[in-house]
Amino acid sequence: MPTPTPIAAFDIDPDGSAQAIDLSARASKRCWRWTHFDLADPHLADWLTTQVDPLIAKALLAAETRPRVDAFDEGLIVTLRGVNLNPDADPEDMVSLRLWVTPTQIITVRKRRLMALDALRQQAEKGTAPASPAAFLSALVDGLCHRIEVVSLQFEEMVDALEESSLNADQSTSKECLALRQSIIKLRRFVGPQREAVERLATDVTGILQATHSNHLREAANRTARTVEALDASRDRLMAIQEHVDAHSAMTLGRNSYVLSVMAAIFLPLGFLTGLFGVNVAGMPGTEWIWAFAALTALSTAIGIALYAVFRWRGWL
């Protein structure tokens, strides 16, 4: 059977020293093993069916995922998500990570590069790694949580800038507000379930996690909960900004429409008068009088001024 090519494969001693290995190497009883794969590897599915239960393999190979933690036999099926910090990518387009965790091994599968996991891989390549699967989980969740917090803080700063620029209430502010709100909603969609997954992970019933790591995961769950609250607050602030911009635009449109209505009301009798005197039929007065046009112009001006004065007196202007 063809063997998949792992992105990383390490045997890690209890003292935290890591050594890159080949998949065919026999696992040492004193080490725990981390193997990391790309979901697109064509040989991964067949290999997994020989290594783990079919239900676990199905979870690791799932195309669409949401954050979850489920106990299965002696291990944990874990699915987490991290912000997408790859070049030319949107952070809110979160990257999924699938894990199978036991006391002696961790198998991770991803579609796209995840910076929090990549940091652990680079650390292992230098010869050091978390000393146990529990420590690995704790470090991974902490890295994911930290990067989500950074992106959430960036969104908050962008909302602050929009609040300041919303005084102008121009069309660009409305477009930026809508785009940022969509980004926050996309991020919130996965961070909310991730909070629940981390809380469930902290209450591990399999005994893989020690008390220290459980406490670290509870703190990570609290940080994730604060991030969810911050995202909700940013979303609500954006709604308020959008309502302000819409109200300002409606007020401007109403004021302009009112001015146009008043101008139309002033020029309506003037238009009637000039139309009446513009007919080309016999019997029109003043056709033989040299001052007729001047008199008509003066009369129109007087009527316009009188109408303007009446509108001002009635408080319509």
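## Some words on the environment of S166
Right, so step 1: As for its position among the elements, S166 is in the loop between α4 (133-165) and α5 (171-202).
Right, so step 2: We classify S166 as buried; its relative accessible area is 6%.
Right, so step 3: For S166, the residues in contact, after removing those within four places along its chain, are T173, I241, H244 and V245.

## Focus: the sheet that holds strand β7 (residues 105-110)
Right, so step 1: Read from one edge to the other, the open sheet built from 7 strands follows the order β2-β1-β3-β7-β6-β5-β4, with strand pairing classed as mixed. Each of the sheet's edge strands pairs with one partner strand only, and the pair in question is β2 (18-20) and β4 (68-72). Each strand axis lies, on average, 20 degrees off the axis of its neighbour in the sheet, ignoring direction.
Right, so step 2: Bridge analysis of strand β3 (residues 32-38) against β7 gives 6 bridges, and the strand direction is parallel. Residue pairing in the sheet places H36 in a bridge with T108 of β7.
Right, so step 3: Sheet strands touched by helix α3 (residues 115-125): β1 (8-12), β2, β3, β6 (95-101) and β7. Its angle to β3, the strand with the most contacts, is close to 130 degrees.

## Some details on the packing of aromatic side chains
Right, so step 1: Per the stated rule, a full pass over the model turns up 5 aromatic pairs.
Right, so step 2: Between W32 and F136, the ring centres sit 5.8 Å apart and the planes meet at 70 degrees, which makes this aromatic pair edge-to-face. Placement of the pair is W32 in strand β3 and F136 in helix α4, with a sequence separation of 104 residues. The pair W32 / F136 is uniform in exposure class, with both members buried.
Right, so step 3: For the ring pair F37 and W47, a centre distance of 5.0 Å and an interplane angle of 50 degrees mean the geometry is tilted. In this pair, F37 sits in strand β3 while W47 sits in helix α1 (residues 44-51), placing the two residues 10 residues apart along the sequence.

## Comments concerning the packing of α3 against α4
Right, so step 1: One can describe the packing of α3 onto α4 by two numbers: an axis separation of 8 Å at closest approach and a directional angle of 135 degrees. Looking at the two axes, α3 sits oblique to α4. Crossing handedness for the pair α3 and α4: right-handed. Here M115, A116, L117, A119 and L120 of α3 lie close against α4, whose contacting residues are F136, A139, L140, G143, L144 and R147.

## Overview of a nonpolar patch on the surface
Right, so step 1: Taken together, Y258, V259, M263 and F267 make up a surface patch of nonpolar side chains, about 390 Å² in accessible area.
Right, so step 2: Within the secondary structure, Y258 is located in helix α6 (residues 211-277).

## Details of α1
Right, so step 1: Every buried residue of α1 is accounted for by L44, W47 and L48. Taken end-on, α1 shows its buried residues confined to a sector of 100 degrees, consistent with a single buried face.
Right, so step 2: Where α1 is buried, its residues touch β3, α2 (54-61) and β7.

## Overview of the nonpolar core
Right, so step 1: Membership of the largest hydrophobic core comes to 36 residues, with the highest contact counts inside it found for W34, L140 and L201.
Right, so step 2: Where this core is concerned, the elements lending two or more residues are β1, β3, β5 (75-82), β6, α3, α4, α5 and α6.
Right, so step 3: Considering each element in turn, this core owes the most residues, 6 residues, to α4.
Right, so step 4: If we ignore the near neighbours within four places in the chain, the residues touching W34 are A8, A9, F10, I12, I106, T108, L117, L120, R121, A124 and F136.
Right, so step 5: Among the nonpolar cores identified, the runner-up in size contains 18 residues, and I148, L187, L231 and I241 belong to it.

## Regarding unusual backbone geometry
Right, so step 1: One non-glycine residue with positive phi stands out, namely D73, at about 55 degrees.
Right, so step 2: Mapping D73 onto the fold places it in the loop between β4 and β5.
Right, so step 3: Although it is not a glycine, D88 adopts a positive phi angle of roughly 60 degrees.
Right, so step 4: As for its position among the elements, D88 is in the loop between β5 and β6.

What counts, and where the lines are drawn
- Residues numbered from 1 in each chain as written.
- Predicted model: local features only at pLDDT ≥ 70, side-chain atom pairs only at ≥ 80, totals over all residues.
- Heavy atoms only, no water.
- Helix = DSSP H or I, 4+ residues; strand = E, 2+ residues; numbered from the N terminus.
- Buried < 20%, exposed > 50% of the residue type's maximum accessible area, 1.4 Å probe, protein only.
- Contact = heavy atoms within 4.5 Å.
- Pairing = 2+ DSSP bridges.
- Axes fitted to C-alpha atoms, helices over the stretch in contact; angles between N-to-C directions.
- Phe/Tyr/Trp six-rings, centres within 6.5 Å; stacked < 30°, edge-to-face > 60°.
- Parallel < 35°, antiparallel > 145°, perpendicular 65-115°, else oblique.
- Left-handed = near helix turned anticlockwise from the far one by under 90°.
- Patch = residues over 30% accessible without salt bridge, like charges linked within 9 Å, V, L, I, M, F, W, Y side chains within 5 Å.
- Areas by Shrake-Rupley, 256 points an atom, 1.4 Å probe, with all protein chains shown as cover.
- Salt bridge = Lys/Arg side-chain N within 4 Å of Asp/Glu carboxyl O.
- Arc of directions from axis to C-beta.
- Core = buried A, V, L, I, M, F, W, Y, C linked by side-chain atoms within 4.5 Å.

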